[in-house]
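Residue-level structure breakdown
Take a look at the letters that make up each chain.
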Amino acid sequence: MSDPEVAQTVELTPRQVLKKNALPIIECFYIGFLLGVNDGNFGIILPRLKEYYNISDSLVSILFICQAVGYFLSAFLNGWLVKKLKALGALYLGSVTTVIVYVLLLIGLPFPAMCCFMALLGGALALLDAGCNVYPSFLPYATTILNFIHAFYGLGALVGPLIASSLLASNLSWKVSYMILCGLAVFNCILLWVSFRKVAIPEHNEEDEDVAEEATVENGSGIVEEKQPAKKRGLFTQVVRLKYTWIVAIFLLFYVGIETTIGGWGYTFLTVARNGDAVQMGRVMSGYWAGLTVGRVILGHITGMFGEKRMITLYCIVTCGMTILIWKATSIGADAAGLVIAGFFLGPMFPTAIAITHQTLPKYLHATAIGFIAAFGQGGVAFFPFINGQIIDKAGIGAMMPYTLGLSLAATIIWIMLPVKTPSYDIIINAWKKIVKSEDKPVNPQPEEITETSVPVNEEKSTNN
């Protein structure tokens, strides 16, 4: 345990723990907000970047893939960086690097340099994203805190288009938006230092890392279990050997791709394919991000009540329906409604997937697993919008919505493959089994011979079910 007092102790009540961790929680909220402003801003300034560098849609979309490279590298290096720098050191590295990259971006250097800076930015933002998703795992009400962190992301993504569209309406350069982002990133560094100055992030000891006492395995259905004896393996090795890890990571990759393809290219779709007003369409995109924010607050609780796997499947289906509506409808009003509704149902997907990981994996794997899953998933911020840019350069902006529909269908299929049974699912199954057993029971049952194993076996089955 480090010198600063760890806020969460056995003697404290959950409310006291949250009170002592108030500043770190606020910092996590702010990181979510900063990430949202960054993503929401980029889609609005994209046409201006295209004009500034005098390049095609295909070429400007390279900026997306460069950022994706940074995210993917961070996903695989996150565990190593946390081991060398500790969790707080990785957060500091991401925060300082973000400030430096924003300064380099606002200078407006040649396009190849811009691509390199975007890769650095992706890696820095991935470290911040991983850190703010891991920290709540050490706190009570972790799922609720996660939902609010991602709601603040949606709030930032709502504010980003408003800031960018207002700047463009005032005929200011896209560089001004990066000046604002740089200021927000500087404030993040200050808030990070103030928040964690007297609070240490719990670290796992060497026994946890070597896994001397227990191993994490998966049964035939892919459900994560712990068994003995255990072969010593590093934490990252354990994480990447789990089928569960890859299903969640790939689902989030596609989910984030849907979210940011709509958020990044939706403005271009509305202004070019629907001939919408530039300033008004920026506000419509803010409505999309507002729907995302509200969905994370409202649907986050409902999702847990009725079963995460079932509800996220339903949300994916609704998203597919809204994508078809935006694709086929020709009026801006219908498109705006479809965007807001799609954002609303997309909202809870990312925090729910992280929350299920908190519940499914053993605690000593949380930092490594969630860091990897979050960073890998955030690669979708850039990877799929890049592919979209290549497609619309050949087929036109109208091809964006069929492409987004394909991503939504793929995400639905991947989520269905997730080997997790949520509590509400178990309750329904148990209730159904009781009904079936009561119907099969004879009206006048004959006394049955009680054997050595009859009662214990039945009791064990009902307990396990």
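Residues numbered from 1 in each chain as written. Predicted model: local features only at pLDDT ≥ 70, side-chain atom pairs only at ≥ 80, totals over all residues. Heavy atoms only, no water.

Definition in use: UniProt positions are given in the numbering used here, feature names are shortened, and annotations may be inferred rather than shown by experiment.
An unreviewed UniProt entry lists the protein chain under the name Major facilitator superfamily (MFS) profile domain-containing protein, with Umbelopsis ramanniana AG as the source organism. Per its UniProt entry, the protein chain bears the Sequence similarities (unreviewed entry) comment "Belongs to the major facilitator superfamily."

1. Brief notes about the overall build of the protein chain
Note the threshold: Numbering of helices and strands starts at the N terminus; helices are DSSP runs of H or I of at least 4 residues and strands are runs of E of at least 2. For every residue, the accessible area (1.4 Å probe, protein chains only) is compared with the maximum for its type, and the residue is labelled buried under 20%, exposed over 50%, or partly exposed between those bounds. In short, Shrake-Rupley with a 1.4 Å probe defines the accessible areas, and a residue's cover is counted only from the protein chains shown.
Helix and strand counts for the protein chain stand at 19 helices and two strands. Classification of the 465 residues of the protein chain by burial places 53% in the buried group. Surface exposure of the protein chain reaches about 20,600 Å², of which carbon and sulfur atoms provide 65%.

2. Regarding helix H17 (residues 400-416)
Formally: Residue count minus one, scaled by 1.5 Å, sets the expected span of a helix.
Helix length check: H17 (17 residues) gives 25 Å between terminal C-alpha atoms against 24 Å at 1.5 Å per residue, within 8%. Residues of H17 that are buried: Met400, Met401, Tyr403, Thr404, Leu405, Leu407, Ser408, Ala411, Thr412, Ile414 and Trp415.

3. Let's talk about the confidence of the model for the protein chain
Low pLDDT means the predicted atomic positions in that stretch should not be read closely. Keep this limit in mind: Confidence scores per residue from the predictor, reported as pLDDT, run from 0 to 100. In what follows, a contact means two residues having at least one pair of non-hydrogen atoms within 4.5 Å.
Confidence in the prediction of the protein chain, expressed as mean pLDDT, is 81, and 81% of residues score 70 or more. The low-confidence segment residues 1-9, where pLDDT is below 50, has 20 contacts with residues more than four positions distant or belonging to other chains. Within the model, the stretch residues 228-232 combines pLDDT values under 50 with nine contacts to residues more than four positions away or in other chains.

4. Topic: the environment of phenylalanine 76
Among the secondary structure elements, phenylalanine 76 is positioned in helix H4 (residues 62-107). Between the alpha carbons of phenylalanine 76 and alanine 375 there is a distance of 8.4 Å; along the sequence they are 299 residues apart. The contacts of phenylalanine 76, once residues within four sequence positions are left out, are Phe236, Trp246 and Phe372.

5. Examining the nonpolar core
The criterion, for reference: Throughout, nonpolar core names a set of buried Ala, Val, Leu, Ile, Met, Phe, Trp, Tyr and Cys residues whose side chains join them through atoms within 4.5 Å.
Counting residues in each nonpolar core, the largest one holds 131 residues, and the members touching the most others are Tyr178 and Phe251. Sort the elements by how many residues they give to this core and helix H10 (residues 243-273) lands first, with 16 residues. When sequence neighbours within four positions are dropped, the list of residues in contact with tyrosine 178 reads Asn41, Phe42, Ile45, Tyr102, Leu105, Leu106 and Met118.

6. Points about unusual backbone geometry
The backbone of asparagine 54 sits at a positive phi, close to 55°, despite the residue not being glycine. Along the chain, the position of asparagine 54 falls in the loop between helix H2 (22-53) and helix H3 (57-60). With a phi angle near 55°, asparagine 275 is a residue other than glycine that sits in the positive phi range. Take asparagine 275: it is sitting in the loop between H10 and helix H11 (278-306).

7. What to know about the packing of aromatic side chains
This is how the line gets drawn: Aromatic rings from Phe, Tyr and Trp, with only the six-membered ring used for Trp, were paired whenever their centres fell within 6.5 Å, and each pair was classed as stacked if the ring planes differed by under 30 degrees, edge-to-face if by over 60, and tilted otherwise.
Counted by the stated rule, this structure contains 28 aromatic pairs. Judged by centre distance (6.2 Å) and plane angle (35°), the ring pair of tyrosine 30 and phenylalanine 33 falls under tilted. Taken together, the residues tyrosine 30 and phenylalanine 33, both in helix H2 and three residues apart, mark about one turn of the helix. Aromatic pair tyrosine 102 and tyrosine 178: ring centres 5.9 Å apart, planes at 40°, arrangement tilted.

8. Concerning the state of the cysteines
Spelled out, the test is: In plain terms, two cysteine sulfur atoms within 2.5 Å form what is called a disulfide here.
Under the defined criterion, the tally for this structure stands at zero disulfides. For cysteine 66, which is in no disulfide, the shortest distance to another cysteine sulfur is to cysteine 115 and amounts to 4.1 Å. Residue class for cysteine 115 comes out buried when judged on its relative accessible area of 10%.

9. What about the packing of H2 against H4?
Where we set the bar: For helices, the axis comes from a line fit to the C-alpha atoms of the stretch in contact; other axes are also lines fit to C-alpha atoms, and the angle between any two N-to-C directions lies between 0 and 180 degrees. Here the word oblique covers every angle except those under 35 degrees (roughly parallel), over 145 (roughly antiparallel) and from 65 to 115 (roughly perpendicular). In this scheme the handedness of a crossing depends on how the near helix is turned from the far one: anticlockwise by less than a right angle means left-handed, clockwise means right-handed.
For the pair H2 and H4, interaxial distance at closest approach is 13 Å and the crossing angle is 160°. When the axis of H2 is compared with that of H4, the two are roughly antiparallel. The two elements H2 and H4 meet at a crossing, and its hand is right-handed. Contacts from Ile31, Asn38, Asp39, Phe42, Leu46 and Leu49 in H2 reach Leu63, Phe64, Gln67, Leu91 and Tyr102 in H4.

10. Quick notes on the pattern of salt bridges
What counts, and what does not: Whenever Lys or Arg places a side-chain nitrogen within 4 Å of a carboxyl oxygen from Asp or Glu, that contact is recorded as a salt bridge.
Taken as a whole and judged by the stated rule, the model has two salt bridges. When the shortest N-O distance is used, the salt bridge between aspartate 335 and arginine 274 registers 2.6 Å. Of this pair, aspartate 335 sits in helix H13 (residues 332-346) while arginine 274 sits in the loop between H10 and H11; the two residues are 61 residues apart in sequence, bridging distant segments of the chain. Note on accessibility: aspartate 335 and arginine 274 belong to one class, buried.

11. A word on a nonpolar patch on the surface
Going by this rule: The patch calculation keeps residues exceeding 30% relative accessible area without a salt bridge and links them within 9 Å when they carry like charges or within 5 Å when they are nonpolar (Val, Leu, Ile, Met, Phe, Trp, Tyr).
A cluster of nonpolar side chains, namely Leu23, Ile26, Val186, Ile190, Trp193 and Val194, defines an oily patch on the protein surface of about 510 Å² accessible area. For the nonpolar patch, the elements supplying multiple residues, two or more each, are H2 and helix H7 (175-195). In terms of residues, the nonpolar patch owes the most to one element, H7, which gives four residues. By the element assignment, isoleucine 26 lies in helix H2. Residue classification places isoleucine 26 among the partly exposed positions, given a relative accessible area of 43%.

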